[in-house]
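# Structural description and commentary
One-letter residues, chain by chain:
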Amino acid sequence: FNPIKTSLLIFVSSLFLSCNGSVEATSKTSGSKATEIGTTVSILDNKIWKIFQDSKGNYWFGSNGKGVYHFNGKILKLITAEDGLIDNSIRGIQEDTKGNILIETPKGVSKFNEGNISTLKVIKSPNNQWKLEPNDLWFNCNGNANNVYRYDGEHLYELQLPKQHIKNTLGIDEKESSFSPYTVFGINRDTNGRVWFGTVLAGAFRYDGKSFLWIGEKELSRLEDGREPGVRSILEDKDGNVWLSNFKSKYKIGAKATYEKLKAVEVSGAIAQNNSLYFNSGVSDNDGNLWMTTYSSGLWKYDGETLSKLEIKNKNEDVLLLTIFLDNSGVIWLGTDNDGAYKYNGKTFEKFEANQ
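Description of the structure in this document.

### Quick notes on the packing of aromatic side chains
- Per the stated rule, a full pass over the model turns up 22 aromatic pairs.
- Measuring from centroid to centroid gives 5.6 Å for Trp 130 and Phe 197, while their planes differ by 80 degrees, and the two rings are edge-to-face. Highlighted residues: Trp 130 in the loop between β11 (122-124) and β12 (137-139) and Phe 197 in strand β16 (residues 195-199), separated in sequence by 67 residues.
- A relative accessible area of 15% places Trp 130 in the buried class.
- Judged by relative accessible area, which is 0%, Phe 197 ranks as buried.
- Taken together, the aromatic side chains of Tyr 59, Phe 61, Phe 71, Trp 333 and Phe 352 make up a single cluster linked through ring pairs.
- Taking the ring centre of Phe 185 as reference, the NZ or CZ of Arg 232 above it sits at 4.1 Å.

Now the structure itself:
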């Protein structure tokens, strides 16, 4: 048991806060153009937890506690609660069909459009009525219960995942947990538009607009050594198999809402002993290669046959990896917990500097 490799689990678990359902929609305007809001800065904060590129080519970098950065290719701006954000800890960045940027925080979701920032009001869905549309955006806000949030372009609806028999299947007693096992870590869509939810202890759920498929496996919940890795990222490979936060196993989904567990990668004993086999963020590049970040165990690439490790270092210091993002041009970016953002140049990863 290595406490360094599990530090992210403890660290992120300590940040659980829910979207604030009582917040009224408010707004603050600071000009008609995106670059007129915020403060011009020269560098990013060290803790960049989210990276996003919008349809106009602008980059957004979400920090853990300092606000969100906007980069138009020339000017780097820092936007904070003083400019209208509901909170400075950024947990997600998305764009809707109207070009609005939705900024997710532990306290709610802020909507940004051309210098105007407003807070989305949460509506509790009557009778927990689930729905899935192609343009929906989904959020979790690091909730402390089994709540997720669906944005249909107008409203933010609060929903609850369906409870399962996790005590019999996974040996998890909800009454003994300090927080809900259904707390959502990761949300991703597959190539068919179905939405996946990864939880802290209750495995993973897939919603297809009509029904749920539950994948309840102990390796996705509480391990024999006491670790609770959770499902932080859901990644689909070129064969349609789903990888759930680890590269030991993958899941083949059947036509009738069933699944088959398969071995993902042949891993040597040395790799298994010296590295964390769980990833917290992943992407599939334009060639179908899978890229996965493992916080303190480096970046891993899987080309369909070989699993290879790429160490990201700043001089002799390990760079702690939190998120990975594929931009509009197919370039891979990394967000870190101690060294800002990194960009792939085709051979290696270089630290992003706005003034270069």
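### Focus: the layout of surface pockets
- In this structure, the largest pocket occupies an estimated 1,600 Å³ of space.
- Looking at the largest pocket, it is lined by 49 residues, and the ones nearest its centre are Lys 50, Ile 187, Asn 188, Gly 282 and Ile 324.
- Taken together, the residues that form the lining of the largest pocket break down as 22 nonpolar, 17 polar and 10 charged.

### Observations concerning the pairing of strand β17 (residues 204-207)
- Every second residue of β17 is oriented toward a common face, with Ala 204 and Arg 206 on one face and Phe 205 and Tyr 207 on the other, all of them buried.
- Relative to β17, β16 is paired through four bridges, and the arrangement is antiparallel. Each residue of the ladder has a partner; that of Gly 198, found in β17, is Ala 204.
- Hairpin remark: β16 followed by β17, antiparallel, with four residues in the connecting loop; positive phi at Gly 203, about 75 degrees.
- In this sheet, strand β18 (residues 212-215) lies alongside β17 in antiparallel orientation, the contact comprising four bridges.

How each quantity is defined
Residues numbered from 1 in each chain as written. Predicted model: local features only at pLDDT ≥ 70, side-chain atom pairs only at ≥ 80, totals over all residues. Heavy atoms only, no water. Phe/Tyr/Trp six-rings, centres within 6.5 Å; stacked < 30°, edge-to-face > 60°. Helix = DSSP H or I, 4+ residues; strand = E, 2+ residues; numbered from the N terminus. Buried < 20%, exposed > 50% of the residue type's maximum accessible area, 1.4 Å probe, protein only. Lys NZ or Arg CZ within 6 Å of the ring centre and 35° of its normal. 1 Å grid on protein atoms, 1.4 Å probe; cavity = no way out; pocket = protein on both sides within 12 Å on 5 of 7 lines; lining within 4 Å. Points joined across faces, edges and corners; volume = space filled by probe spheres on them. Nonpolar A, V, L, I, M, F, W, Y, C, P; charged D, E, K, R; others polar. Pairing = 2+ DSSP bridges.

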